[in-house]
Amino acid sequence: MALAGPPPKMWAIRISVVVFGLLAMAQQSTPLSLRNPVYEMTHKFNGLETYPVGVVSLTSDAENALIDSGVFTVTSSQKIAGKLFDIGKISGTDVVYARAGELMVNVGSTVQVMVDIFNVRGIVN
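Residues numbered from 1 in each chain as written. Predicted model: local features only at pLDDT ≥ 70, side-chain atom pairs only at ≥ 80, totals over all residues. Heavy atoms only, no water.

*Asks:* Any details on the overall build of the protein? Residues and values, ideally.
*Replies:* When helices and strands are tallied, the protein shows five helices and five strands. Counting from the amino terminus, the protein carries its helices and strands in the arrangement α-α-α-β-α-β-β-β-α-β. Per-residue burial over the protein gives 30% buried out of 125 residues. Within the protein, counting contacts between residues at least 6 apart in sequence, those at least 24 apart form 58% of the total. Roughly 8,400 Å² of accessible area belongs to the protein as shown, and the carbon and sulfur atoms make up 65% of that amount. (Helix = DSSP H or I, 4+ residues; strand = E, 2+ residues; numbered from the N terminus. Buried < 20%, exposed > 50% of the residue type's maximum accessible area, 1.4 Å probe, protein only. Contact = heavy atoms within 4.5 Å. Areas by Shrake-Rupley, 256 points an atom, 1.4 Å probe, with all protein chains shown as cover.)

*Asks:* Account for unusual backbone geometry, naming residues and giving values.
*Replies:* Of note, the phi angle at Ser 91 is positive, near 50°, even though the residue is not glycine. If you trace the backbone, Ser 91 turns up in the loop between strand S3 (83-90) and strand S4 (93-99). Taking the relative accessible area as the measure of exposure, Ser 91 reaches 70% and is therefore exposed. We note that Asn 119 has phi near 50°; this positive angle belongs to a residue other than glycine. Within the secondary structure layout, Asn 119 lies in the loop between helix H5 (104-118) and strand S5 (122-124).

This is the structure:
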């Protein structure tokens, strides 16, 4: 007596495809705090109320101009990946500031840390 339907190996393949499909969908639909637990910890630790704006300077002149203006008030600082990130406010807006240096590689790595760790909503250079 033969059973109707595909052979047992076909069922295994179909089930595997369904399981992998569900896993792929679950990974895409997980919230940011589960995919990046460091973000939630950093966001609460730094007292950020909204998604901050990232400010990156390339030269010490630009950094000195920002500090001397008195517009940027620093509330905390963190050293990540060898760079100092100052967290504060400019006119009530949450800001993460870092001096990247003049090399494009440094700018790229600084912006990547801002996006990954602080989840900035934009970058001002």
